[in-house]
Amino acid sequence: MKRTPLAAFAALSAFAAFLCTAAPPARGEDAAAAAAARKALDHYASIMRKGEWGKGGGWNWTMSPDGKLGTGEAVYPVPEDVILVQPPGTANVAVVFLRAYTVFKNPKDLEVAKLAAEALIAGSPPDGGWNCELWLGAEGPKGVHLYPGQPDWTKKPPNPSSHGVLDDNTSFAPIEFLYDIWQVTGDERYHKEWLHQMDFLLKCQLPGGGFCQVHGGGGYHGAATFNDGVMRGAFNMVLQAYQRTGDPKFIASVKKCGDFMIKAQQPCGGYGAQHADSGALSSARKFEPPGVTPDGTSDAIGILATCYDWAGDPKYLAPLQKAVSFLEKSQIGGGKWARYYHPNGGPWYRSIDGKDVSSASQAKPGYTWQGEWGRAGISKGKAYAGRSGSHPPHTVAPPGNPKFGFNLRSGGIDGASPGKYPQDVAAMISAQSPEGYWLATPGGKAPAKGKAKGGKGGAGNYRALNTIQWLTYVDKLLDVCAGTTTPLPTDEETEEPAEETPPATTPPPTPTPAKTPAPPPVWAPPPIPAPTPAPEPAEEPAEE
């Protein structure tokens, strides 16, 4: 890479330049990358939203350069005193500040991460978890969920919710961030909060063994859920907690989830997006039928395979062949699958008002009705086709390995996707503004009356900063400063929507009775969901 002289960054403050040069240089540190990273970090710190509360804060999916305008999922506008928890949100940005602290040893980076932690801890309800957003009102952070079509907050006060949400990695990201900040600071307060949040995940496990979408939620929110990575994410995080602590309650939860996979398998071999605790298929919103899904089936295959590796019980292998057969037979051509299938028939499509239609083109718009969800399940299932018999279970003795899965890249929480953003460091530096930010919509204009309206591509119709872009660029710059060569994922590996993500379990090799090897890392969380291309019609909020 061609090195750009530090003098080219004249807009960098003298103080920031001093911080980059006064500290002992990190291995392989590049002056231009360090200066660019410093500017980017300082700018994002300056636009941290703290609301009336003021004791901590966070960020949104997209923001204007001054931080006053912002958007969230489906590109809906969020008020100035609201921050995003749902990734790519506050925890994802905060972990990059943690990593920057380990690279530059600049205490202000750690202070920013601590402010984010304060907001997240204060905004978690007593039972644990988080809603999709936090309202930083004068009385302290409260969980809320904004969605397209919700009334303007200037005319109607927010309706705080005490529900913790698992879909779209909403609670998984801050849980992992709390563990990260404990590892960096050694502050036992963060460790205790992480343990509390892990107990919250166990509370989300239903008596039958599946994990629900929303703790305390009614209707489909309280069902055992595969959709949006709920089952896979909770399973992986609980297994990771066992490896970190050796606490038997976590491996018991892992096996219980595996037992639910056995019970919930349908006669055709597949699994649905939601299931009743009994294992029966259930529906969700009007356009989401009680069908079998290749996404849920692939996740179930991954969970079953991992349970076999850890428990050694062949009962977890028994459903695999039938599940793979369903995926192979249900392809609609070109290595693609429909999102839903009739339990005893072909693809199942529905309009927004819940009427069955004959094709994806007639189904609810703005919804992914076809995708490559079945590929990972077929691959995983076939890899276990020749395995049989029992083997000694893997066990982790307390206190476990506290460093297991510790990863300060933004992708270490839930895989920040680079999307279509260039990954060349020189291009990143060239595109950076003198103030330290990158514009995702350089040609945009500020909307009238200060309202951020939705727009194609998740950036809105204003001059927007995109958090995914920021995570991608700063992580890459920190790679250079730290002398690492860790590659970012390619577009082909990451640009699938969250619900199309393959199972994230990479199981340990099956041991022999004579010698049981220690299992390698299993945790590999799914990518951050990309912002929805366009707003959808108003639907019920997740917490209701």
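Definitions and limits used
- Residues numbered from 1 in each chain as written.
- Predicted model: local features only at pLDDT ≥ 70, side-chain atom pairs only at ≥ 80, totals over all residues.
- Heavy atoms only, no water.
- Buried < 20%, exposed > 50% of the residue type's maximum accessible area, 1.4 Å probe, protein only.
- Helix = DSSP H or I, 4+ residues; strand = E, 2+ residues; numbered from the N terminus.
- Pairing = 2+ DSSP bridges.
- Phe/Tyr/Trp six-rings, centres within 6.5 Å; stacked < 30°, edge-to-face > 60°.
- Lys NZ or Arg CZ within 6 Å of the ring centre and 35° of its normal.
- Axes fitted to C-alpha atoms, helices over the stretch in contact; angles between N-to-C directions.
- Contact = heavy atoms within 4.5 Å.
- Core = buried A, V, L, I, M, F, W, Y, C linked by side-chain atoms within 4.5 Å.
- pLDDT = per-residue confidence, 0-100.

**Concerning the pairing of strand 4 (residues 133–137)**
Here is step 1: Counting buried residues along strand 4, 5 of its 5 residues qualify, which places the element largely inside the surrounding structure.
Here is step 2: The side-chain alternation of strand 4 yields two buried faces, one formed by E133, W135 and G137 and the other by L134 and L136.
Here is step 3: Relative to strand 4, strand 3 (residues 82–84) runs antiparallel, the two sharing 3 bridges. Opposite L84, over in strand 4, you have E133 as the bridge partner.
Here is step 4: Sheet topology note: the strand 4/strand 5 (residues 140–144) ladder contains 5 bridges and is antiparallel. If you follow E133 over to strand 5, its bridge partner there is V144.
Here is step 5: Connecting strand 4 to the antiparallel partner strand 5 that follows it, the hairpin turn spans 2 residues.

**Here's the deal with the packing of aromatic side chains**
Here is step 1: Inspection of the entire model under this criterion finds 14 aromatic pairs.
Here is step 2: Between Y242 and W310, the aromatic rings sit 6.0 Å apart at their centres with planes inclined by 75°, giving edge-to-face as the arrangement. With Y242 in helix 7 (residues 230–245) and W310 in helix 9 (residues 294–311), the pair connects residues that are 68 residues apart, well separated along the chain.
Here is step 3: For Y242, a relative accessible area of 4% puts it in the buried group.
Here is step 4: Following the ring pairs from residue to residue traces out a cluster consisting of F287, Y340, Y349, Y367 and W369.
Here is step 5: Geometry around Y367 places R339 over its ring, the cationic atom sitting 4.0 Å from the centre.
Here is step 6: Sitting over the face of the ring of Y384, R387 holds its NZ or CZ atom 3.9 Å from the ring centroid.

**Focus: the sheet that holds strand 4**
Here is step 1: In space, the 3 strands of this open sheet follow the order 3-4-5, with antiparallel pairing throughout. The open sheet terminates on both sides in strands that have one partner only, identified here as strand 3 and strand 5. Shown here is a sheet whose adjacent strand axes are inclined to one another by a mean of 30°, direction ignored.
Here is step 2: Of the strands in this sheet, strand 3, strand 4 and strand 5 touch helix 4 (residues 107–123), which is tilted by about 65° from strand 5.

**A few points about the nonpolar core**
Here is step 1: Counting 123 residues, the largest nonpolar core has W59, F177, M261 and W470 as its most contacted members.
Here is step 2: Among the elements that make up this core, the one with the highest residue count is helix 3 (residues 90–104) (10 residues).
Here is step 3: The residues touching W59, leaving out its near neighbours within four places in the chain, are Y44, I47, M48, I83, L84, T90, V93, A94, F97, V112 and A116.
Here is step 4: Counting residues in hydrophobic clusters, the runner-up holds 8 residues, among them V78, W135, V144 and L146.

**Description of the confidence of the model for the protein chain**
Here is step 1: Taken residue by residue, the protein chain gives an average pLDDT of 82. The fraction at 70 or more is 74%.
Here is step 2: Predicted confidence for residues 412–416 stays below pLDDT 50, and this span has 29 contacts to residues more than four positions away or in other chains.
Here is step 3: Segment residues 445–460 is flagged for pLDDT under 50; beyond a separation of four residues in sequence, or across chains, it makes 39 contacts in the model.

**Concerning the environment of I181**
Here is step 1: Looking at where I181 falls in the secondary structure, it is placed in helix 5 (residues 172–185).
Here is step 2: When the C-alpha positions of I181 and R99 are compared, they lie 9.7 Å apart, and in sequence the two are 82 residues distant.
Here is step 3: Residues in contact with I181, not counting those within four places in the same chain, are L98, A113, K114, A117, G186 and Y190.

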